[in-house]
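As a plain string of letters, each chain reads:
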Amino acid sequence: MRWIRQYGIPLLRRLGSSVLTLWLITIVVFAMTNVLPGDVARRILGPFADERAVAALNHQLGTDRPLPEQYIHWLSRLAHGDLGTSLAMRRPVAQLLLPALANSAKLAGSALLVILPLSIFLGLVAAFSEGKALDFLIRLSGLVTTVLPEFVTSIAVILLFAIAIPLFPVTAVAPPHSSLPTQIYYLILPITPVTLVLVGYLCRVMRSSAVEILHTNYIRAAELKGLSRWRLLFWHLLPNALPPVIAVTANQLGYLLGGLVAIEAVFNYPGLGQLLLTAGRQKDFPVLQSGVLLVGLTYVLANTFADLLYWLLNPRLRERG
């Protein structure tokens, strides 16, 4: 019974909250895609199409039905794993969405492998140098790289490292059947603008959290007892300073998967962001709805995982159940 109260009930409560959030996301996604101006059939058939043909196609697609009926039909198909067919490309949405998601996941995963260790390292260096010139330099650099727009840094790295000094290719797409090192080589330039934005933000979060922990009484007591700097770092500082960084990183996962529209456009990278942008321009509702829902699902799952990890790392939360 104690295990159920301590672990089972909080887990069920969090999962229930995630399911509710996901249902609300479906309502918002459906409502937002249906308030876009224009006629779907007119968009497909062209501006000079006959009115009767436009009406017939709208009837065939079901876009002339009342919105609640369309929503229930869409939700029912989603529950059966049917994402529908793209109105613009006449292909199953899953065939468009899955390759784009895989490309975005590759870009996001590669970026995180650089961003997380670098952010934690710089945040700790700044925290241990609190009030010194190095602390000020890291915080100032982080602020500058965070406020720079991604498309500006993307163009800057292309001009510098692909044209002026041709070290890397301009495009992010490696030739077919390339080896893993070659694929990583092609991703270095697109990863750089993402790294500049997120490292600046996350290292400041890490620095603030670490400084707060370093000022606590138990850290001072551990230092007075002669605990080594490494033991202090890995046993006391990192477990208590990392949870805010985990929470912020979880919030950024959805952005990394579906929000890198500018970077994907500049580097001609066929990711989820570019697919959603194209679907929005073409009023391709099935692709747009499924893609945005997928990004929302990523946010929900990442935040649920971060909450559970935060709860496991914090003994006081576990005791409260």
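For the structure itself, consult the block above.
Scope of this entry: the structure provided in the associated data block. If you're wondering where the values come from, they're calculated on a predicted model, not measured in any experiment.

Another point: the nonpolar core. With 41 residues, the main nonpolar core has Val-194, Leu-237 and Leu-256 as its most contacted residues. For this core, the secondary-structure elements that each account for two or more residues are α5 (93-128), α7 (150-164), α8 (180-214), α9 (217-224) and α10 (229-258). No other element matches the 14 residues that α8 contributes to this core. Ignoring sequence-local partners within four residues, the contact set of Leu-256 consists of Ser-104, Ala-108, Leu-112, Val-194 and Leu-198. Core analysis: the next-biggest nonpolar cluster, separate from the first, contains 12 residues, Val-93, Leu-276, Leu-288 and Leu-294 among them.

In this section: the environment of Leu-167. With respect to the element layout, Leu-167 can be found in the loop between α7 and α8. Residues Leu-167 and Ala-41, 126 residues apart in the sequence, show an inter-C-alpha distance of 47 Å. When near neighbours in sequence (up to four residues on either side) are disregarded, Leu-167 contacts Phe-161 and Tyr-185.

To continue, consider the pattern of salt bridges. In total, this model carries two salt bridges according to the counting rule given. Arg-139 is the partner of Asp-135 in a salt bridge, and the nearest nitrogen-oxygen pair spans 3.3 Å. Here Asp-135 and its partner Arg-139 are both found in helix α6 (residues 133-147), four residues apart, which amounts to about one turn of the helix. Residue Arg-207 pairs with Asp-135 through a salt bridge whose shortest N-O separation is 2.8 Å. Of this pair, Arg-207 sits in helix α8 while Asp-135 sits in helix α6, and the two are 72 residues apart along the sequence. In this pair, the class of Arg-207 matches that of Asp-135, namely buried.

This paragraph deals with the side chain of Thr-153. Its location among the elements puts Thr-153 in helix α7. Residues contacting Thr-153, with those up to four places away along its chain left out, are Leu-148, Pro-193 and Leu-196.

Packing of α5 against helix α12 (residues 272-281) brings their axes to within 7 Å, and their N-to-C directions diverge by 140°. Taken together, the axis directions place α5 and α12 in an arrangement best described as oblique. Two secondary-structure elements touch here, α5 through Leu-96, Leu-97, Ala-100, Leu-101 and Ser-104 and α12 through Leu-272, Gly-273 and Leu-275. Counted by class, the contact of α5 with α12 contains six nonpolar, two polar and no charged residues.

Turning our eyes to something else, we now look at unusual backbone geometry. Even without a glycine there, the phi angle at His-177 is positive, about 65°. Topologically, His-177 is positioned in the loop between α7 and α8. The class for His-177 is exposed, based on a relative accessible area of 84%. One non-glycine residue, Asn-268, lies in positive phi territory at about 55°.

With that settled, the discussion passes to the packing of aromatic side chains. Taken as a whole and assessed by the stated rule, the structure comprises six aromatic pairs. Between Phe-30 and Tyr-71 the ring centres are 5.4 Å apart and the planes differ by 65°, which places this aromatic pair in the edge-to-face class. On the criterion of sequence distance, the pair formed by Phe-30 in helix α1 (residues 2-34) and Tyr-71 in helix α4 (residues 67-79) is long-range, its members being 41 residues apart. Note on Phe-30: relative accessible area 8%, which makes it buried. A relative accessible area of 15% places Tyr-71 in the buried class. Cluster of aromatic residues (ring-pair linked, three or more members): Phe-30, Tyr-71 and Trp-74.

Let us look at the environment of Arg-14. Within the secondary structure layout, Arg-14 lies in helix α1. Residues Arg-14 and Ser-179 lie 165 residues apart in sequence; the distance between their C-alpha atoms is 41 Å. Those residues in contact with Arg-14, other than ones at most four positions away along the chain, are Asn-303, Thr-304 and Asp-307.

Here Ser-119 shows up in helix α5. Once residues within four sequence positions are removed from consideration, Ser-119 is found in contact with Leu-198, Val-199, Leu-202, Cys-203 and Met-206.

Here is what the cut-offs are and how they apply
Residues numbered from 1 in each chain as written. Predicted model: local features only at pLDDT ≥ 70, side-chain atom pairs only at ≥ 80, totals over all residues. Heavy atoms only, no water. Core = buried A, V, L, I, M, F, W, Y, C linked by side-chain atoms within 4.5 Å. Buried < 20%, exposed > 50% of the residue type's maximum accessible area, 1.4 Å probe, protein only. Helix = DSSP H or I, 4+ residues; strand = E, 2+ residues; numbered from the N terminus. Contact = heavy atoms within 4.5 Å. Salt bridge = Lys/Arg side-chain N within 4 Å of Asp/Glu carboxyl O. Axes fitted to C-alpha atoms, helices over the stretch in contact; angles between N-to-C directions. Parallel < 35°, antiparallel > 145°, perpendicular 65-115°, else oblique. Nonpolar A, V, L, I, M, F, W, Y, C, P; charged D, E, K, R; others polar. Phe/Tyr/Trp six-rings, centres within 6.5 Å; stacked < 30°, edge-to-face > 60°.

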